[in-house]
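Coordinate inspection notes
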Amino acid sequence: MQTLQIGTKRRQPRKRARLVVRHADQANPLMNPQKSRQHAEARAVQPSRNQRKSLPPVAQRAVRANPQNRQRSPQLAAVPAEQAANNTRGRTVQVGSMAQYFAFQWHITDECDQRCKHCYIFAEGHPALVSMDWEQIQKVFFNALAFCQRYDRLPYLYLTGGDPILHPQFWELLKLCKEHDVPFTLMGNPFHLNTENLRRMRDYGCDKYQMSIDGMERTHDWFRKPGSFKTTLEKIRLINEADITSVIMSTVSGTNIDEIPDVIDAVVAAEAQVYAFARYVPTSDGKGNEKSDWYITPERYRDFLEDIDCKYRDYESKGCKTYFNRKDHLWTLFNYEHGRFSLPPEEGKQTKNPLIIYDGCNCGNCHITILPTGDIYACRRVANSKVGNAFSDSLADVWTGAKMEAFRNYGRFSKCAKCELLPYCRGCPAVAAGSSGGDFYAADPQCWKVMGGNS
């Protein structure tokens, strides 16, 4: 087997990624290096840019949409690339030899031009804004490389904030990424983007630039700030021209759910290369209850997915340039009910065999979040998921520690543990936690499946 060299400009070809498995009733297999390759193959894989160029356009978009494209289950293994968009949630692409990535969502600053009403930082007040200094940035960067070296992975960074471009050492960090051949996505605002700095971002290795649209103009600008809607749509063209994948993300709640179909039309018209949405995670108890304007009933959300699926499929049948990333894990339940996703025969019934996790929420499986304070979170969307600090703790040690392991007890899910889709779905534990006072294993409030007479 060929070796991985972290910190060099060229990587040796890697062995093709195997199906990821995780035994939910056993200790974390990464605790034991002998078992790590058997039970904890990293779930994030991505072909090289040269490999991507040989793919059909739809498959290129599928791969570039998310570096965590991966095999999902035995019956979906080795699917032809041109069929990628038709697979469950459209994320299965396997082409030749793929490297195995581990994702780090890295917030380098809280500084931002906007004060979004649903933001984790600003939604419930105006805290003191924090940014890492250059020494701290380097410490976190090499901490992440050491993690990947220990577990034989390749690092992939999601650089964000706040708006990362506002950090005074933003360009120095991008230069550091290029020097060590670390690919990255930028997640920020549109306001400081222009032809020149987008070209610089691409030269440093930027793969994708993600922005947000959370409703049509009036609603979006209410969430964020006046002028944000038009500016975001206008900058899509500049991102595309820089040969960076343009990504638009929406946060769906009861306040904007009826506008999402029109948002999709606007995003397609602007020729964004990737579109996805995720559900709002309540930032306070009042926003998570059923009387809140932010709340969505399970039945309404199911009907919403039905409408969006029809719109997606119509656009896809016409050769739309936008790739629709079916990000929400409840798409798995939706596709299961529509006969587009099926379980292997032995998993359609309860057995005494150890549970194997194939897909669903990535918390505790293949990504880590790091905040400007250095705090490590199992998931940024889970408010009580702090597991360490990257300034003082080894990321590799935290990954196998008891605090991280607390998010891997799949048998504790109050509803999902009773469902045959547990290894593939589990909804969104972050939404569940935000709606239940912090219980990570509570039932997803938008899951419409009836279990034992309870929805």
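Provided above is the structure to which this section pertains.
Reference entry: report on the structure contained in this document. As the structure is a computational prediction, the values presented were derived from the model and not from experiment.

Points about the overall build of the protein
Across its full length, the protein holds 15 helices and 11 strands. In the protein, once contacts between residues fewer than 6 apart in sequence are set aside, the share between residues at least 24 apart is 73%. On the protein, roughly 18700 Å² of surface is accessible, and the fraction owed to carbon and sulfur atoms is 48%.

Some points on the pairing of strand S4 (residues 184-187)
Residues of S4 alternate between two faces, with Phe184 and Leu186 on one and Thr185 and Met187 on the opposite face, all of them buried. Here strand S3 (residues 154-160) runs beside S4; their pairing, made up of three bridges, is parallel. Across the sheet, residue Tyr158 finds its bridge partner in S4, namely Thr185. Assessed by its sense of winding, the connection that carries the chain from S3 through helix H5 (residues 170-179) to S4 is right-handed. By the bridge criterion, four bridges tie S4 to strand S5 (residues 206-212) in an arrangement that is parallel.

Looking at the nonpolar core
Membership of the largest hydrophobic core comes to 101 residues, with the highest contact counts inside it found for Phe104, Trp106, Phe147, Met201, Tyr275, Phe277 and Ile368. Filtering out sequence-adjacent residues up to four positions away, Phe147 remains in contact with Phe102, Phe104, Ile368, Leu395, Ala396 and Trp399. Counting six residues, the second largest nonpolar core, distinct from the first, contains Tyr101, Ala103, Tyr158 and Met187.

With respect to helix H9 (residues 260-269)
For H9, the set of buried residues is Ile260, Val263, Ile264, Ala266, Val267 and Val268. On the buried face of H9, the contacting elements are helix H8 (228-241), strand S6 (245-252), strand S7 (274-279), helix H11 (298-317) and strand S8 (323-324). Where H9 ends, the next residue or the one after it, Glu271, has phi of about 65°, a positive value.

A short note on the environment of Glu111
Structurally, Glu111 can be placed in the loop between strand S2 (99-107) and helix H4 (134-151). Each C-alpha atom, one on Glu111 and one on Ile165, is 9.3 Å from the other, the two residues being 54 residues apart in sequence. Once residues within four sequence positions are removed from consideration, Glu111 is found in contact with Leu129, Ser131, Gly162, Asp163 and Leu166.

Overview of H11
Here H11 spans 28 Å end to end across 20 residues, near enough to the 28 Å set by a 1.5 Å rise per residue. All of the buried residues in H11 are Pro298, Tyr301, Phe304, Leu305, Ile308, Asp309, Lys311, Tyr312 and Tyr315. Buried residues along H11 sit in contact with S6, H9, S7, S8 and helix H12 (330-337). A positive backbone phi angle near 75° is found at Gly319, which sits one or two residues after H11.

Description of the packing of aromatic side chains
Under the counting rule described, the total for this entry stands at 26 aromatic pairs. Taking the centre distance of 5.2 Å and the plane angle of 10° together, the rings of Tyr358 and Tyr424 count as stacked. Of this pair, Tyr358 sits in the loop between H12 and strand S9 (367-370) while Tyr424 sits in the loop between helix H14 (402-405) and helix H15 (429-435), and the two are 66 residues apart along the sequence. For Tyr424, a relative accessible area of 0% corresponds to the buried category. Ring plane angle 20° and centroid distance 6.4 Å describe the contact between Tyr410 and Phe413, whose orientation is recorded as stacked. Phe413 carries the same exposure label as Tyr410, and that label is buried.

Comments concerning the packing of H4 against H5
Following both chains from N to C, one finds H4 and H5 inclined at 25°, their axes separated by 11 Å at the closest point. The orientation of H4 relative to H5 falls into the category roughly parallel. In this structure, H4 meets H5 at a crossing whose hand is right-handed. Side by side, H4 and H5 meet where Trp134, Ile137, Phe141 and Phe142 of the first sit next to Glu172, Leu173, Leu176 and Cys177 of the second.

Let's talk about the environment of Leu422
Following the sequence through the fold, Leu422 ends up in the loop between H14 and H15. Along the backbone, Leu422 and Tyr358 are 64 residues apart, and their C-alpha atoms lie at a distance of 9.2 Å.

About the criteria used
Residues numbered from 1 in each chain as written. Predicted model: local features only at pLDDT ≥ 70, side-chain atom pairs only at ≥ 80, totals over all residues. Heavy atoms only, no water. Helix = DSSP H or I, 4+ residues; strand = E, 2+ residues; numbered from the N terminus. Contact = heavy atoms within 4.5 Å. Areas by Shrake-Rupley, 256 points an atom, 1.4 Å probe, with all protein chains shown as cover. Buried < 20%, exposed > 50% of the residue type's maximum accessible area, 1.4 Å probe, protein only. Pairing = 2+ DSSP bridges. Right-handed = clockwise from strand over helix to strand, strands pointing away. Core = buried A, V, L, I, M, F, W, Y, C linked by side-chain atoms within 4.5 Å. Expected span 1.5 Å × (residues − 1). Phe/Tyr/Trp six-rings, centres within 6.5 Å; stacked < 30°, edge-to-face > 60°. Axes fitted to C-alpha atoms, helices over the stretch in contact; angles between N-to-C directions. Parallel < 35°, antiparallel > 145°, perpendicular 65-115°, else oblique. Left-handed = near helix turned anticlockwise from the far one by under 90°.

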